[in-house]
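# Structure at a glance
Chain residues, written in single-letter form:
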Amino acid sequence: MGEYVNVAEIFGENVFNDTVMQERLPKKVYQKLKDIIEEGGDLDLATADVIAHEMKEWAIEKGATHYTHWFQPLTGVTAEKHDAFITAPLPSGKVLMSFSGKELIKGEPDASSFPSGGLRATFEARGYTAWDCTSPAFVRQDAAGATLCIPTAFCSYTGEALDQKTPLLRSMEAIDKQSMRLLRLFGNTSSKKVTPSVGPEQEYFLVDAEKFLQRKDLIYSGRTLFGAMPPKGQEMDDHYFGTIRQRIASFMKDVNIELWKLGVSAKTQHNEVAPAQHELAPIYAEANVAVDHNHIVMQTLKRVACQHGMKCLLHEKPFAGVNGSGKHNNWSITTDDGINLLDPGKTPHENIQFLLVLSCIIQAVDRHAGLLRESAADPGNDHRLGANEAPPAIISIFLGEQLEDVVEQLVSTGVATSSIRGGKLTTGVKSLPDLNKDATDRNRTSPFAFTGNKFEFRMVGSRDSIAGPNIVLNTIVAEAFSDACDILEKAEDFDEAVHDLIKKNFSEHQRIIFNGNGYSDEWVAEAERRGLPNIRSMVEAIPELTKKESVKMFEKFGVFTKAELESREEVKYENYTKTINIEAKTMIDMASKQIIPAVVKYTKVLADSINAVKAAGVNEVTVQKKLLEETSALLKQTQKSLNALIEAEAKANAMEEGKRQAKFYHEKVVMAMEELRVPVDELEMIVDKEMWPMPSYGDLIFEV
Ligand code: ADP
Ligand code: MG
């Protein structure tokens, strides 16, 4: 049954957390660091030296030989460069282990190969990593031994952000500042800081490693580019919340242990809708920690899967026709003394502060719906958003019956006098207790849903970093708070002004509220009538970044400069282009070197069989003949589509980098890829399974 795990004991054992710091650091040093973590400021070198020394001693006790600055460049994954703690050999031939304050707070990776979108001229390739002391350092144990990982921000010589973390921290400062203004208006004098909290639910697939390695598409692009549907898909709904199989259960156990040791509070795990699909959710944490932890979760899932002879697929759409994976980004804002600004209380209609906050969020999301949509755009998510499984590509807000009713009252009569109560849920079974019901049922189809005391942004892709969506959320809400405070701070009669503002916000932005079925065609038409944007693809979403309103807002709150936004736009086009290019080239490779040769062999088997049967004196060969004709026709179609894809890819590849090229890939290359897939998937249904050159969907998702 495996060894006994004492969770409370192992939790955080590999993290240089507050307890460790308090134990190890001299009191004064600890206090200084704590002040900086809470209030910001610069760390002097002498203090940094002491911290670095203690951190190193602690890490060495955990077996660490190396340290690395751990950062999040615009590649979507994390980056690290390891340095051993050793110094140059002494005359005695021995070495010392050293780690200085300077090495802790600043790193200088040769950064010329990270995407910068033109921010860094090639002659000025310097990039710096700077310690983010608000996210704790940790020791990671893996095949490389143990490594001290120091979460850092990454920026250029001139201070421009080259990563996801820097703007995230900036956006957290923005929302802190504007929320505090708002709280002060309501007479709150005790809270000192407001922080966004984030809890991401991570979906993923597991497949057998041996089978994975037989598929070049999975190896190179993380998703299947060919593949016919098996006789059984997810139609029985028997996988969702189903009993977890033993192989998977043992994998999950190891994942949890690893995560707990790293201070990640992995909490929920279950089977998801699609066969071989699962989910892991930690308990929410401060936004920047949650972003770091989500990267750790993704890396841990991958690493532990390998140890169990499996591969973890984080791609948004590994299998066509089977549900894809996303990441629900749960978001709320909380004061340092524990007040959640999104908590409506029992009678939301009387909770004026909550109503103002809510009306501001609604305003923010309506004003910047396109930007929020963009924050969830990545090449893989193009296969989900708007396709009948994930939320639609249209941003709307689900409030639920209770709040929608309050908004209704406010908009129509100017006052809200009641809140719908939840009541009791009676099961009709005497031995079961009656349960208190929530005031609102759930809605699974909304991209942005209020769920009790938080918003759940459901568009994010499973492989994507959650930094982007949270940067946008923090900033657009900071802007709405700031606008509200500008008005309210000047108001003569605060009560009247706040009442008018809430009503105005709700009235002007009510169009974004939608409580119905987001998957229906009627909603698409209705949203269009309401004037809501429906941005169907990544390529169409990217320009939202540099729209006038976006630039103005990001600059006002010091989150991005115009140059940084333009560079990100460029990086995104490049990322899209490269992704599709890899996929196209992989398809070309598989079709020409594996699929066509296999089908040719199969036609020979059929032809030989026809001849052999005839030679045996039997003239009835219609089945073989029909198969041969069908196969040959599809083979011809495959060859033709393959040539068309080769041509489209070559043309796209030769274009100048940028928006036009990305658009060409999106419109022409993707179409050519889809056209090649059609005859190949049909062939897979005909050709002898023994001769098909790779494992099928059935092999991959039902036989893990
Ligand atoms: P669901 O029923 O939505 O699938 P889960 O339990 O799978 O719920 O995940 C919900 C996530 O939301 C968890 O990560 C949880 O910690 C997080 N969460 C709960 N409350 C808050 C909050 N106030 N702010 C941010 N995240 C929260
Ligand atoms: Mg969940």
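Everything quoted here is computed from the prediction, not taken from an experiment.

### Some remarks on the overall build of the protein
For the protein, the count of helices and strands is 22 helices and 17 strands. Relative to the globule expectation of 27 Å for 704 residues, the C-alpha radius of gyration of the protein, 28 Å, shows essentially globular dimensions. Taken along the three principal axes of its C-alpha coordinates, the protein extends 100 × 85 × 65 Å. For the protein, the proportion of its 704 residues judged to be buried stands at 54%. Intrachain contacts of the protein at a sequence separation of at least 6 include 74% that bridge at least 24 residues. Within the structure as shown, the protein displays about 31400 Å² of accessible surface, and the carbon and sulfur contribution to it stands at 53%. The averaged location of the 102 negative side-chain charges in the protein is 3 Å from the averaged location of its 80 positive side-chain charges.

### Brief notes about the site of ligand 1
The environment of ligand 1 is made up of 16 residues, and the closest members are Glu201, Pro282, Tyr284, Asn330 and Ser332. Note that an oxygen atom of ligand 1 is positioned 2.9 Å from one of the side-chain N or O atoms of Glu201. Contacts to ligand 1 include Asn330, whose side-chain N or O atom sits 3.2 Å from an oxygen atom. Bound to the protein, ligand 1 loses 80% of the 570 Å² it would expose on its own. For the shell around ligand 1, the secondary structure elements donating two or more residues are β7 (194-208), β9 (277-282) and β12 (327-335). Top element by residues in the shell around ligand 1 is β7. It accounts for three residues.

### Digging into the coordination of the magnesium ion (ligand 2)
Surrounding the magnesium ion (ligand 2) are the protein donor atoms Glu201 (OE) and Glu279 (OE), which sit 2.3 to 2.6 Å from the metal. Here Glu201, found in strand β7, pairs with Glu279, found in strand β9; they are 78 residues apart in sequence, far enough to count as distant. Glu201 gets classed as buried once you look at its relative accessible area, which sits at 17%.

### Some thoughts on the packing of aromatic side chains
For the coordinates displayed, the defined rule picks out 19 aromatic pairs. Ring centres of Phe186 and Phe494 lie 5.3 Å apart, and the angle between their planes is 80°; on these two criteria the pair is classed as edge-to-face. Placement of Phe186 in the loop between α6 (165-185) and β7 and of Phe494 in helix α15 (residues 494-509) is noted, with a sequence separation of 308 residues between them. Measuring from centroid to centroid gives 4.8 Å for Phe448 and Phe455, while their planes differ by 20°, and the two rings are stacked. Note on accessibility: Phe448 and Phe455 belong to one class, buried. Every member of this aromatic cluster is reached through a ring pair, and the members are Phe354, Phe448, Phe450, Phe455 and Phe457.

### Quick notes on the side chain of Ser179
Assignment of secondary structure puts Ser179 in helix α6. Residue class for Ser179 comes out buried when judged on its relative accessible area of 0%. For Ser179, the side chain forms a polar contact with the main-chain oxygen of Ile175, separated by 2.5 Å. Not counting the four nearest positions on each side in its chain, Ser179 is found in contact with Val194, Leu341 and Phe481.

### A word on the packing of helix α11 (residues 352-367) against α15
Between α11 and α15, whose axes approach to 9 Å, the crossing angle comes to 35°. In the packing of α11 onto α15, the handedness of the crossing is left-handed. Two secondary-structure elements touch here, α11 through Ile352, Leu355, Leu356, Leu358, Ser359, Cys360, Ile362, Gln363, Asp366 and Arg367 and α15 through Val498, Leu501, Ile502, Asn505, Phe506, Glu508 and His509. Partitioned by chemical class, the residues of the contact of α11 with α15 number 10 nonpolar, four polar and three charged.

### Here we look at a nonpolar patch on the surface
The grouping of Leu213, Ile219, Tyr220 and Ile582 at the surface amounts to a nonpolar patch, some 400 Å² of accessible area in total. In this fold, Leu213 is placed in the loop between α7 (209-212) and α8 (216-221). Note on Leu213: relative accessible area 54%, which makes it exposed.

### Describing the domain arrangement of the protein
Parsing the protein into structural domains produces domain 1 (10-162), domain 2 (171-225 + 237-423 + 435-560) and domain 3 (576-702). Taking the mean C-alpha position of each, domain 2 and domain 3 sit 40 Å from one another. The interface of domain 2 with domain 3 comprises 28 residues on the first partner and 23 residues on the second. Between Glu583 and Arg223 there is a salt bridge, with its nearest N and O atoms 2.9 Å apart. Breaking the side of domain 2 that touches domain 3 down by element, the ones donating at least two residues are α7, α8 and α17 (538-541). When residues in the side of domain 2 that touches domain 3 are grouped by element, the largest group, five residues, is from α8. Considered class by class, the residues forming the side of domain 2 that touches domain 3 number 15 nonpolar, five polar and eight charged.

### Details of the state of the cysteines
Taken as a whole and assessed by the stated rule, the structure comprises zero disulfides. Cys155 takes part in no disulfide bond, and the closest cysteine sulfur, belonging to Cys133, lies 15 Å away.

### Things to note about the environment of Ile51
As for its position among the elements, Ile51 is in helix α4 (residues 45-61). Residue classification places Ile51 among the buried residues on the basis of a relative accessible area of 0%. Along the backbone, Ile51 and Met180 are 129 residues apart, and their C-alpha atoms lie at a distance of 31 Å. The residues contacting Ile51, other than those within four sequence positions of it, are Leu25, Val29, Leu33, Leu43, Leu104 and Trp131.

Cut-offs applied
Residues numbered from 1 in each chain as written. Chains lettered and ligands numbered in written order. Predicted model: local features only at pLDDT ≥ 70, side-chain atom pairs only at ≥ 80, totals over all residues. Heavy atoms only, no water. Helix = DSSP H or I, 4+ residues; strand = E, 2+ residues; numbered from the N terminus. Rg over C-alpha atoms; globule rule 2.2 N^0.38 Å. Buried < 20%, exposed > 50% of the residue type's maximum accessible area, 1.4 Å probe, protein only. Contact = heavy atoms within 4.5 Å. Areas by Shrake-Rupley, 256 points an atom, 1.4 Å probe, with all protein chains shown as cover. Lys, Arg positive; Asp, Glu negative; His and termini not counted. Charge placed at Lys NZ, Arg CZ, Asp CG, Glu CD. Near = heavy atom within 4 Å. Polar contact = N/O pair within 3.5 Å; in protein donor to acceptor, adjacent residues only side chain to side chain. Donors = N, O, S within 2.8 Å, 3.2 Å for Na, K, Ca; no water. Phe/Tyr/Trp six-rings, centres within 6.5 Å; stacked < 30°, edge-to-face > 60°. Axes fitted to C-alpha atoms, helices over the stretch in contact; angles between N-to-C directions. Left-handed = near helix turned anticlockwise from the far one by under 90°. Nonpolar A, V, L, I, M, F, W, Y, C, P; charged D, E, K, R; others polar. Patch = residues over 30% accessible without salt bridge, like charges linked within 9 Å, V, L, I, M, F, W, Y side chains within 5 Å. Salt bridge = Lys/Arg side-chain N within 4 Å of Asp/Glu carboxyl O. Domains from an automatic or database assignment. Disulfide = S-S within 2.5 Å.

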